Amino acid sequence: MPQSAIDQPTVDSAATPRIAVEHVTQMAGDLFTAMLRMPFQPEPRVGECLDCPDIQATVRVTGQWNAEIHVIASNELARRIGYAMFGTEPEDLSDEEICDAMGEVANVIGGNAKGVVDSDSNLSLPEVGEPNLHWPEHALVATYLCDDCPLTVVTIES
Amino acid sequence: MKILIVDDSKAMRMIVARTLKQAGFSGHTVIEASNGREALEKIANESPEVVLSDWNMPEMKGIELLQKVKEAGHKVRFGFITSESSAETRKLALDSGAVFLLTKPFSAEGMQAILEPVLC
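Just so you know, these numbers come straight off a predicted model, no measurement behind them.

Participant: What's the story with the overall build of chain B in this structure? I'm lost.
Facilitator: Across its full length, chain B holds 5 helices and 5 strands. The N-to-C order of helical and strand elements in chain B reads β-α-β-α-β-α-β-α-β-α. In terms of overall dimensions, chain B is globule-like: its C-alpha atoms have a radius of gyration of 13 Å, near the 14 Å expected for 120 residues. Within chain B, buried positions represent 45% of all 120 residues. The contacts of chain B with a sequence gap of at least 6 include a subset with a gap of at least 24, amounting to 61%.

Participant: I would appreciate a short explanation of helix 2 (residues 75–86) of chain A in the present structure.
Facilitator: Along an α-helix, residues three or four apart share an orientation, since each turn contains 3.6 residues. Given a rise of 1.5 Å per residue, 12 residues ought to cover 16 Å, and the 16 Å separating the end C-alpha atoms of helix 2 of chain A matches this to within 8%. Among the residues of helix 2 of chain A, those classed as buried are Leu77, Ala78, Arg79, Arg80, Ile81, Gly82, Tyr83, Met85 and Phe86 of chain A. Buried-residue contacts for helix 2 of chain A involve strand 2 (55–63), strand 3 (67–73), helix 3 (95–117), strand 6 (140–146) and strand 7 (149–157) of chain A together with helix 1 (10–22) of chain B. Gly87 of chain A, located one to two residues past helix 2 of chain A, shows a positive phi value of around 75°.

Participant: Please explain the pairing of strand 7 of chain A as it appears in this structure.
Facilitator: Looking along a regular strand, one sees side chains alternate from face to face of the sheet. All names here are of chain A. Counted residue by residue, strand 7 has 8 buried out of 9 residues, so it is predominantly covered. As paired elements, strand 3 and strand 7 share 7 bridges and run antiparallel to each other. Bridge assignment links Ile72 to a residue of strand 7, and that residue is Thr152. Where strand 6 meets strand 7, 7 bridges bridge the pair, whose relative direction is antiparallel. By the bridge assignment, Thr143 is partnered in strand 7 with Thr152. Taken together, strand 6 and the strand that follows it, strand 7, pair antiparallel across an intervening segment of 2 residues, in which Asp147 is found at a positive phi of about 50°.

Participant: In this structure, what is going on with the interface of chain B and chain A? I would like to understand it.
Facilitator: By a frequent convention, interface size equals the accessible area lost on bringing the separate parts together. Between chain B and chain A, the contact holds 19 residues from the first and 23 residues from the second. Counting only elements with at least two residues in the side of chain B that touches chain A, the list comes to helix 1 and helix 4 (87–95) of chain B. At 5 residues, the largest contribution of residues to the side of chain B that touches chain A is made by helix 1 of chain B. When the residues that make up the side of chain B that touches chain A are grouped by side-chain class, the tally is 8 nonpolar, 7 polar and 4 charged.

What counts, and at which threshold
- Residues numbered from 1 in each chain as written.
- Chains lettered and ligands numbered in written order.
- Predicted model: local features only at pLDDT ≥ 70, side-chain atom pairs only at ≥ 80, totals over all residues.
- Helix = DSSP H or I, 4+ residues; strand = E, 2+ residues; numbered from the N terminus.
- Rg over C-alpha atoms; globule rule 2.2 N^0.38 Å.
- Buried ≥ 20, exposed ≤ 12 C-beta atoms within 10 Å, placed from the backbone.
- Contact = placed C-beta atoms within 7 Å.
- Expected span 1.5 Å × (residues − 1).
- Pairing = 2+ DSSP bridges.
- Nonpolar A, V, L, I, M, F, W, Y, C, P; charged D, E, K, R; others polar.

Put into structure tokens, the structure is as follows:
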């Protein structure tokens, strides 16, 4: 599991939001159902984060459009995502493989969000670490049930 | 046909390889590279007919890899499998010589539709 917390979000000013919860639901739903073939309930609890998060994957978009996208999960769900990606039994996955899997979730959602906005921006490589649950008020926080485990996606635009 | 999958994520390389089989392309030989430098070596030494490359990778981005492949004169058919789905990305890819761009997340059906003209 990750040893270091991800840096405090640097984006703290509100801007006209380009990403709505419906976008996040579509992007996450497509990822989990079409590609990973995992059960996913597309009815988010907006404004709520899961209670006991263990792991967070983050990508940043910089340029004409600036945003951070955080994907937050429990160890249990992270292992299930790893199983869906690697085909390795959850208990046999290495920490590196779990971080790789979570990073790809953030990468896909972040890349898709960049596509929704369609601006001249750059997508960072994913960072994976311990959750940092301090967000600005305008952050879009949506929690879903994925394979019966909560998964939170936080989108912070500036 | 030999297919080279280039992605810094081992998880994504496995998903692409597995989805190729699910999409009906199981008769091909799949080789992998985890970065652009390794990909260039494998293109030179193992002569794949098709490259399926990520866009956003450390050290050498997928578009730089494509440009180096073209500069070296390799005739390999090159396409991207990427979460970057903007019109700008797609235009840059196709203008640089990519023959397709498949957006993540993808299904076996979506991959089949995009790759059938390339692999069959």
